[in-house]
Amino acid sequence: MAMRTTFVVQTFEIHRKKLRPGTRDVAPTESGALKRAEAIAARMPGAAALKIVADDETGELDGVSILGRFGEIPEDFAEQIAGG
């Protein structure tokens, strides 16, 4: 069982006066994800940098954590990613 760590930047956009997830982008490193999320939040309502650890063979999630939040992020975002 080989675990793989992936760093992702999740953007947020406003649609019908509500925040909703936008595009996701993979970053090569933790610091890269944080820098990219911060830069994106200057142009969009918000962005979050995430660390995802999953089994490389089965794709089963081992854990998701928020590395950083920038700009506007939905209040229940942490609960949403914890729930899968």
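A brief report on the enclosed structure follows. All of these numbers come straight from a predicted model, not from anything done at the bench.

### Observations concerning the pairing of strand β2 (residues 18–27)
Right, so step 1: One ladder, built from 8 bridges, connects strand β1 (residues 3–15) with β2; its direction is antiparallel. Bridge pairing links His-15 to Lys-18 in β2.

### Here's the deal with unusual backbone geometry
Right, so step 1: At Arg-16, a residue that is not glycine, the phi angle is positive and equals roughly 55°.
Right, so step 2: When you line up the elements, Arg-16 lands in the loop between β1 and β2.
Right, so step 3: One non-glycine residue, Lys-17, lies in positive phi territory at about 65°.
Right, so step 4: Relative to the assigned elements, Lys-17 resides in the loop between β1 and β2.

### Looking at the packing of aromatic side chains
Right, so step 1: What the rule picks out here adds up to 1 aromatic pair.
Right, so step 2: Relative to Phe-77, the ring of Phe-12 has its centre 5.1 Å away and its plane inclined at 85°; by these criteria the two rings are edge-to-face. In this pair, Phe-12 is assigned in strand β1 and Phe-77 in helix α2 (residues 77–82), connecting sequence segments 65 residues apart.
Right, so step 3: Look at Phe-12 and you get buried, because its relative accessible area is 0%.

### Section: the sheet that holds strand β3 (residues 46–55)
Paired through backbone hydrogen bonds, the strands of a sheet run either parallel or antiparallel to each other.
Right, so step 1: Spatial ordering of the open sheet is given by β2-β1-β3-β4, a layout of 4 strands whose pairing is antiparallel. In the strand order of this sheet, the two ends are held by β2 and β4 (61–71), each with one partner. Mean inter-strand twist for the sheet, computed between neighbouring axes without regard to direction, equals 25°.

### Comments concerning helix α1 (residues 30–41)
Residues lying three or four places apart along an α-helix face the same way, a consequence of the helix completing one turn every 3.6 residues.
Right, so step 1: A rise of 1.5 Å per residue sets the reference length of α1, with its 12 residues, at 16 Å; its end C-alpha atoms lie 17 Å apart and thus fit the reference within 8%.
Right, so step 2: Within α1 the residues assigned to the buried category are Gly-32, Ala-33, Ala-37, Ile-40 and Ala-41. One face of α1 carries all of its buried residues, which in axial projection span an arc of 155°.
Right, so step 3: Contact partners of the buried residues in α1: β1, β2, β3 and β4.

### A closer look at the environment of Leu-34
Right, so step 1: On the secondary structure map, Leu-34 appears in helix α1.
Right, so step 2: When the C-alpha positions of Leu-34 and Glu-79 are compared, they lie 20 Å apart, and in sequence the two are 45 residues distant.
Right, so step 3: For Leu-34, the residues in contact, after removing those within four places along its chain, are Ala-49, Leu-67, Gly-68 and Phe-70.

Parameters and conventions
Residues numbered from 1 in each chain as written. Predicted model: local features only at pLDDT ≥ 70, side-chain atom pairs only at ≥ 80, totals over all residues. Heavy atoms only, no water. Pairing = 2+ DSSP bridges. Helix = DSSP H or I, 4+ residues; strand = E, 2+ residues; numbered from the N terminus. Phe/Tyr/Trp six-rings, centres within 6.5 Å; stacked < 30°, edge-to-face > 60°. Buried < 20%, exposed > 50% of the residue type's maximum accessible area, 1.4 Å probe, protein only. Axes fitted to C-alpha atoms, helices over the stretch in contact; angles between N-to-C directions. Expected span 1.5 Å × (residues − 1). Arc of directions from axis to C-beta. Contact = heavy atoms within 4.5 Å.

Function cannot be inferred from these measures alone, as they are strictly geometric.
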